[in-house]
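Chain by chain, the residues:
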Amino acid sequence: MALLDTVFADLEQTRAKTEQNLKNAAELFDSYLNDAFENNFSGVEHDSLNDICELIVDCEHKTAPKQETGYPSIRTPNIGKGVLILEGVNRVSEETYITWTRRAIPQEDDLILAREAPAGNIGVIPKNVKVCLGQRTVLIRPKKDKFLSKYLAFLILSQKVQKQLLSHSTGATVQHINMKDIRAFKIYNLPSLVEQQKVINGIDKILKETKKLEAIYSQKIDNLEELKKSILQKAFSGELTHD
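One structure accompanies this document, and this report is about it. Here the structure is a predicted model, which is why all the values come from computation and not from measurement. (Residues numbered from 1 in each chain as written. Predicted model: local features only at pLDDT ≥ 70, side-chain atom pairs only at ≥ 80, totals over all residues. Heavy atoms only, no water.)

A word on the pairing of strand 6 (residues 111–114). Residues L111 and L113 line one face of strand 6 and the alternating positions I112 and A114 line the opposite face, and both faces are buried. Strand direction decides the pairing type here: strand 6 and strand 7 (residues 122–124), joined by 3 bridges, are antiparallel. Bridge pairing in strand 7 links I112 to G123. Pairing between strand 6 and strand 9 (residues 137–142): 4 bridges, direction antiparallel. (Buried < 20%, exposed > 50% of the residue type's maximum accessible area, 1.4 Å probe, protein only. Helix = DSSP H or I, 4+ residues; strand = E, 2+ residues; numbered from the N terminus. Pairing = 2+ DSSP bridges.)

In structure tokens:
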């Protein structure tokens, strides 16, 4: 039993270090985002999001009837960090799609923001994908001469913007972003499209590296769990030795 305790203590120590490394990788990306957009958080000249977007449209406030095939219905679980997660997405009929897009038809490079659960995630609609909004989401279409969609997505994902948008949350148990706060959100010192692209390129590079690190650390945690199970099995069968 003493041997088993020693082995498990070592495994837990390794797991704790790996989990910290995983956390550090995520914090590295968050820190880079904050630095990249530092100039957009304060200043004299600013624009409201409503002024520099073609439209900001709320979703239908009811659940869309789903079916096996059809158009993707983007709910909050389908909105990641700058991307839409289409794996396992709910699908709707053409009739439902038409009804659910009567306010605005989502287009390539439009953004979909989650207002709840979890509030603040935002994804860019990719090419050749027709989607409609599920509950608790918002469609945002930046003016193409003002904003690159990915720039706005990364800006909204930065910690300072997330904190500001969620500071007016009205949900007692679930954080909720108000439409008026989205439209009134101020962006300072908006850079040129060329400068925006440079920022996007830098963020994409860091994101790629952090995702690679996260995959390595996540796999290591899974491997440690498998090793723990294997050791337990050997302990119960009497095969565990000091060797």
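Having put the structure on the table, let's press on.
A few words on the sheet that holds strand 6. Taken together, 5 strands build an open sheet; the order of strands is 2-9-6-7-4 and the sheet is mixed. Strands with a single pairing partner mark the edges of an open sheet, and in this sheet they are strand 2 (53–58) and strand 4 (81–83). Mean inter-strand twist for the sheet, computed between neighbouring axes without regard to direction, equals 20 degrees. Relative to strand 9, strand 2 runs antiparallel, the two being bridged by 5 bridges. Counted as the bridge partner of L55 is R141 from strand 9. Docked against the sheet, helix 3 (residues 149–157) engages strand 2, strand 4, strand 6, strand 7 and strand 9, running at close to 170 degrees with respect to strand 7. (Axes fitted to C-alpha atoms, helices over the stretch in contact; angles between N-to-C directions. Contact = heavy atoms within 4.5 Å.)

This next bit is on the pattern of salt bridges. By the definition in use, this model includes 14 salt bridges. A salt bridge links E38 to K160; the shortest N-O distance between them is 3.1 Å. Here K160 lies in helix 4 (residues 159–166) and E38 lies in the loop between helix 1 (2–36) and strand 1 (46–48), a separation of 122 residues in the sequence. We note a salt bridge from K150 to D204, for which the minimum N-O separation is 2.9 Å. Taken together, the residues span a long stretch of sequence, with K150 in helix 3 and D204 in helix 6 (residues 193–236) at a distance of 54 residues. For K150, a relative accessible area of 34% corresponds to the partly exposed category. Residues joined in a network through salt bridges with shared partners are R15, E19 and E225. (Salt bridge = Lys/Arg side-chain N within 4 Å of Asp/Glu carboxyl O.)

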